[in-house]
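Observations on the model geometry
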Amino acid sequence: ERPAPLDAEGRAPLVAVAEGLITFARSLALGEGARGVRINVVSTEIATAPARLFGSPPPLASFPGRAEVEVAGAVRMLLSADAVGVTGSVVRADCGRAW
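I will try to describe carefully the structure that is included in this document. Along each chain, residues carry numbers from 1 onward, in the same order as the chain's sequence is written. Given that this is a predicted model, residues contribute local features only at a pLDDT of at least 70 and side-chain atom pairs are listed and counted only at 80 or more, while totals for whole chains, interfaces and linings are drawn from all residues. Side-chain numbers here rest on the full set of heavy atoms in the structure, without hydrogens or water.

Nonpolar side chains collect at one region of the surface, where Val17, Leu21, Phe24 and Leu28 lie side by side and expose about 380 Å² of accessible area between them. Every helix listed is a DSSP run of H or I at least four residues long, and every strand listed is a run of E at least two residues long, numbered separately from the N terminus. Secondary-structure assignment places Phe24 in helix H1 (residues 12-32). Each patch is built from residues lacking any salt bridge and having more than 30% relative accessible area; the joining distance is 9 Å for like charges and 5 Å for nonpolar side chains (Val, Leu, Ile, Met, Phe, Trp, Tyr). In this description, accessible areas are obtained by the Shrake-Rupley approach with a 1.4 Å probe, and a residue is regarded as covered only by the protein chains that are shown. Basic side-chain nitrogens of Lys or Arg form a salt bridge, by our definition, when they fall within 4 Å of a carboxyl oxygen of Asp or Glu.

Moving on, we come to the nonpolar core. In this structure, Ile22, Ala25, Ala29, Ile39 and Val41 together form the largest nonpolar core, which totals 5 residues. With 3 residues, H1 is the single largest residue contributor to this core. Whether two residues are in contact is decided by their heavy atoms, any of which lying within 4.5 Å being enough. Residues within four places of Ala29 in sequence aside, it is in contact with Ile39, Thr87 and Gly88. Residues belong to one nonpolar core when they are buried, are Ala, Val, Leu, Ile, Met, Phe, Trp, Tyr or Cys, and are joined through side-chain atoms within 4.5 Å. Three exposure classes are used, based on accessible area relative to the maximum for each residue type with a 1.4 Å probe and protein chains only: buried under 20%, partly exposed in between, and exposed over 50%.

Turning to helix H2 (residues 67-79), a few remarks are in order. Note that an α-helix has 3.6 residues per turn; residues three or four places apart therefore point the same way. Taken residue by residue, H2 has Glu70, Ala74 and Leu78 as its buried positions. Residues of H2 that are buried make contact with strand S1 (41-43) and strand S2 (90-92).

Opposite charge on two side chains permits them to pair, given that their charged atoms come into close proximity. Scanning the entire structure with this criterion turns up 4 salt bridges. In this structure, Arg35 engages Glu32 in a salt bridge whose closest nitrogen and oxygen atoms are separated by 2.8 Å. Since its relative accessible area comes to 65%, Arg35 is described here as exposed. Owing to a relative accessible area of 24%, Glu32 belongs among the partly exposed residues under this scheme. As a salt-bridge pair, Glu68 and Arg66 come within 2.7 Å of each other at their nearest N and O atoms. Assessed through its relative accessible area of 55%, Glu68 is described here as exposed. Arg66 gets classed as partly exposed once you look at its relative accessible area, which sits at 48%.

Structure (structure tokens):
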């Protein structure tokens, strides 16, 4: 879970852990890339989506989404043969919610 910055107020520990995991994954991707290991992060705000959104609504009407749809789809994409060159990346499965 990585809440959008607009929704991060009062969630400093959650944001710190999320950012730390992203940095950790990028570091591992850099260190293990020579061995052919790919490491990516799928972030979402399914559980941390606020009841009232600030700013404009997300492009996809399914916001905040469901893990079995949005997250599973992002993971399938990263595991596909088409993503063989993707490493150290963050895929936001957030239904288009602006950061």
